[in-house]
Amino acid sequence: MDFEHSNIKPDYFKENWEGKWKVFSWLEFVCAIPHVMFMVTTFKGNRLPNASFQSWSSFTGEGDNYYVIMSGIMKHTHAYENIKRNKEFCINFLNIKYLDSCWKTIKKHDVDIDEITSSGFTVEKSKAITAPRIKESFLKLECEYEWEKELCPNSFNITICGKVKHISINENFAKVQTNQKYGKDSFMFNLHNPQNPYTGEYFGGGAGTIEYHCKM
């Protein structure tokens, strides 16, 4: 029998760290929908590079208009502060072998630190914006800030839309066929600690990749 429930959290769903349900919806951990992970790079007020490990986003558009919609940017972060001030940011996709370096940017976030270099990456100049890129990324989207909106009144998070002004794609990634384009050398995904909807038990989080299955 399927699990059926309203959007109201059951009492047996407990936080495993304080304030969790202010930042995330309990439904995220039941639905267990994977999200692509990437690095958002910006310049701080002192012009040092900032790097933010991010997920919970979508990429869509029409014609020459292509957009990044980031729905899980926390308002208190340097990333949000920098995007609001500079009106631009770069999305950098890295494969899963760089996962540990991506996590380092969460720990090394002091205002006087170059968060790209200190995490083992290489700073690269963008073509259409001033925000830095990460050289090791196989796909980079240079974006201009378009708009923002709270997810709900007095939300902890903000949704930001950026318009892609320039792309940079690794030649090998660009040329390979679909059945070779994904896997361990391609996009990595956030498997955000799913929970058992019947008990609230945490199954444990992880990172994953796409496996090509068949033609459509």
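The following paragraphs examine the structure supplied in this document. Computed from a predicted model, the values in this text were never measured in an experiment.

**Focus: empty space enclosed by the protein**
Phase 1: Applying the stated criterion across every chain yields a total of 1 cavity of 30 Å³ or more.
Phase 2: Put simply, the largest cavity is a space of about 30 Å³.
Phase 3: Residues of the lining of the largest cavity, tallied by class, amount to 5 nonpolar, 1 polar and 1 charged.

**Topic: the sheet that holds strand S12 (residues 206-208)**
Phase 1: With antiparallel pairing, the 3 strands of this open sheet are ordered in space as S1-S11-S12. Two strands in the sheet have a free side with no partner beyond their single neighbour: strand S1 (35-36) and S12.
Phase 2: With 2 bridges joining them, S1 and strand S11 (residues 189-191) adopt antiparallel strand pairing. Counterpart to Val36 in the pairing with S11 is Phe189.

**Some points on helix H4 (residues 99-107)**
Phase 1: If you check which residues of H4 are buried, you get Leu99, Ser101, Cys102 and Thr105.
Phase 2: Among the structural elements, strand S2 (38-43), strand S3 (49-54) and S12 are those in contact with the buried residues of H4.

**Regarding helix H3 (residues 78-86)**
Phase 1: Every buried residue of H3 is accounted for by Ala79, Tyr80, Asn82 and Ile83. Down the axis of H3, the sector holding all buried residues measures 165°, keeping them to one side.
Phase 2: Residues of H3 that are buried in the fold lie against S2, S3, strand S5 (65-74), strand S6 (88-93), strand S9 (139-150) and strand S10 (157-169).
Phase 3: Lys87 occupies a position one or two residues after H3 and carries a positive phi of about 60°.

Conventions and cut-offs
Residues numbered from 1 in each chain as written. Predicted model: local features only at pLDDT ≥ 70, side-chain atom pairs only at ≥ 80, totals over all residues. Heavy atoms only, no water. 1 Å grid on protein atoms, 1.4 Å probe; cavity = no way out; pocket = protein on both sides within 12 Å on 5 of 7 lines; lining within 4 Å. Points joined across faces, edges and corners; volume = space filled by probe spheres on them. Nonpolar A, V, L, I, M, F, W, Y, C, P; charged D, E, K, R; others polar. Pairing = 2+ DSSP bridges. Helix = DSSP H or I, 4+ residues; strand = E, 2+ residues; numbered from the N terminus. Buried < 20%, exposed > 50% of the residue type's maximum accessible area, 1.4 Å probe, protein only. Contact = heavy atoms within 4.5 Å. Arc of directions from axis to C-beta.

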